[in-house]
Amino acid sequence: MLRISVEEAAINLKSLLERIARGKEVILLEQDKALTRLVPPLQKKERLASIKQFRDSLKRVFEKFWANIIRYYTSKVHLRGLT
């Protein structure tokens, strides 16, 4: 992984972008500290897999959330408060 200063990146932007397009990652530095990481875009297959993984994680979270809500509203503690 190439580490390059922002100033150097500005001077060599075209070659830097070509490198990233070939699948390489580049870290931009400012005063020897990492500022950002430039990465090639995900391919369609990778994006779809990532979206599916995200949706699956949300499904698990909300299943637990709704289970807790239902458990609360059907519990004796909640029902006692209504009488």
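Draft legend 1. The overall build of the protein chain, seen in detail. In terms of regular secondary structure, the protein chain is built from four helices and three strands. Sequence-ordered secondary structure for the protein chain, helices as α and strands as β, is β-α-α-β-β-α-α. Entry remark: accessible area of the protein chain is about 7,600 Å², with carbon and sulfur atoms responsible for 59%.

Draft legend 2. Summary view of the environment of D32. Take D32: it is sitting in the loop between β2 (26-30) and β3 (33-38). Separated by 26 residues in sequence, D32 and V6 place their C-alpha atoms 10.0 Å apart.

Draft legend 3. Spotlight on the packing of aromatic side chains. Applying the stated criterion across every chain yields a total of three aromatic pairs. When the centroid spacing of 6.2 Å and the interplanar angle of 85 degrees are considered together, the rings of F62 and F65 count as edge-to-face. Of this pair, F62 and F65 are both found in helix α3 (residues 44-74), three residues apart, which corresponds to roughly one turn of the helix. Looking at F62, the relative accessible area reads 44%, which means it is partly exposed. The interplanar angle of 80 degrees and the centroid separation of 5.1 Å between the aromatic rings of Y72 and Y73 together place this pair among those described as edge-to-face. Within the aromatic cluster, the residues linked to one another by ring pairs are F62, F65 and W66.

Draft legend 4. Just unusual backbone geometry, in detail. Phi angles above zero are rare outside glycine, and Q31 is one such case at about 55 degrees. Within the secondary structure layout, Q31 lies in the loop between β2 and β3. By relative accessible area, which is 73% here, Q31 ends up exposed.

Draft legend 5. The pattern of salt bridges, seen in detail. All told, the structure shown has three salt bridges when counted by the stated rule. As a salt-bridge pair, D56 and K52 come within 2.9 Å of each other at their nearest N and O atoms. Of the two residues, D56 and K52 both sit in helix α3, four residues apart, roughly one turn of that helix. Judged by its relative accessible area of 52%, K52 is exposed.

The rules behind these values
Residues numbered from 1 in each chain as written. Predicted model: local features only at pLDDT ≥ 70, side-chain atom pairs only at ≥ 80, totals over all residues. Heavy atoms only, no water. Helix = DSSP H or I, 4+ residues; strand = E, 2+ residues; numbered from the N terminus. Areas by Shrake-Rupley, 256 points an atom, 1.4 Å probe, with all protein chains shown as cover. Phe/Tyr/Trp six-rings, centres within 6.5 Å; stacked < 30°, edge-to-face > 60°. Buried < 20%, exposed > 50% of the residue type's maximum accessible area, 1.4 Å probe, protein only. Salt bridge = Lys/Arg side-chain N within 4 Å of Asp/Glu carboxyl O.

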